[in-house]
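One-letter residues, chain by chain:
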Amino acid sequence: MRDATDTVDPALREDDPNALMVVIVGAIGSLLLVVIILLLQALFFWSEEREFALKVVDERPQELREVQADALEKLNGYAWVDRDKGIVTIPIDRAMDIMVRESRGGAPQEKR
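Cut-off values and rules
One numbering rule holds for all chains: residues counted from 1, following each sequence as written. A pLDDT threshold of at least 70 governs which residues receive local features in this predicted model, and a stricter bar of 80 or more applies before side-chain atom pairs are shown or counted, although totals over entire chains, interfaces and linings include all residues. Note that the side-chain values use all heavy atoms of the structure and ignore hydrogens as well as water. The way it works is that DSSP assigns letters per residue, a run of H or I at least four long becomes a helix, a run of E at least two long becomes a strand, and they are numbered from the N terminus. Each residue is placed in one exposure class: buried if its accessible area under a 1.4 Å probe, protein chains only, is under 20% of its type's maximum, exposed if it is over 50%, and partly exposed if it falls in between. Pairs of residues are marked as contacts when any of their non-hydrogen atoms sit within 4.5 Å. Calculation of accessible area relied on Shrake-Rupley with a 1.4 Å probe; when residues are assessed, cover is drawn exclusively from the protein chains displayed. A helix's residues, less one, multiplied by 1.5 Å, set its expected span. Two N or O atoms form a polar contact when they lie within 3.5 Å of each other; inside protein one atom must be a possible hydrogen donor and the other a possible acceptor, and for residues adjacent in sequence the pair counts only when both atoms belong to side chains. Each patch is built from salt-bridge-free residues with over 30% relative accessible area, joining like charges within 9 Å and nonpolar side chains (Val, Leu, Ile, Met, Phe, Trp, Tyr) within 5 Å. Whenever Lys or Arg places a side-chain nitrogen within 4 Å of a carboxyl oxygen from Asp or Glu, that contact is recorded as a salt bridge.

*Asks:* Provide a residue-level description of the overall build of the protein chain, including the pertinent values.
*Replies:* Along the backbone of the protein chain there are 3 helices and 2 strands. What you see in the protein chain, going N to C, is helices and strands ordered as α-α-β-β-α. Relative to its full complement of 112 residues, the protein chain shows a buried share of 4%. Residue pairs in contact within the protein chain that sit at least 24 positions apart in sequence constitute 0% of those at least 6 positions apart. Summing over all exposed atoms, the protein chain offers an accessible surface of approximately 10,600 Å²; the carbon and sulfur share of this is 62%.

*Asks:* Before we move on, could you go through helix α1 (residues 19–57) and cite the residues and values that matter?
*Replies:* With 39 residues, α1 extends 55 Å from end C-alpha to end C-alpha; this agrees with the ideal 57 Å at 1.5 Å per step. Between the side-chain oxygen of the N-cap and the backbone nitrogen of L20 there are 3.3 Å, and the N-cap of α1 in question is N18.

*Asks:* Report on a nonpolar patch on the surface, specifying residues and quantitative values.
*Replies:* Taken together, the side chains of L20, M21, I24, V25, I28, L32, I36, L40, L43 and W46 present a nonpolar region at the surface, about 1,000 Å² in accessible area. Within the secondary structure, V25 is located in helix α1.

Listed below in structure tokens is the structure:
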């Protein structure tokens with residue numbers, strides 16, 4: 001006995017894969033894979049640049065922070081330069097006020 005599938009032309013059998021459809025699906029899948037890989041690579045490079053900027057470029061070195069803090073402390077504080085001669089440093093804002101007063105002809109006022 002013969003099945004109904006035996007009498008059909010072998011080129012038209014339904015259980016055979018459609019070659020054109022396999023090629024189309026394969027091509028689309030390959031194209032999507034390439035696009036996804038390129039997008040992921042671009043995302044990686046963008047993230048790498050951002051992290052580099054945050055961690056290396058934007059970050060001030062510890063030594064620079066210490067030097068700047070020391071300079072601010074010296075500019076805004078009182079300290080002895082020469083105790084024997086009575087020379088002291090005063091905050092920069094106070095020194096500017098004294099200079100403005102002296103330039104206007106007024107005598108500097110001592111703050112105690």
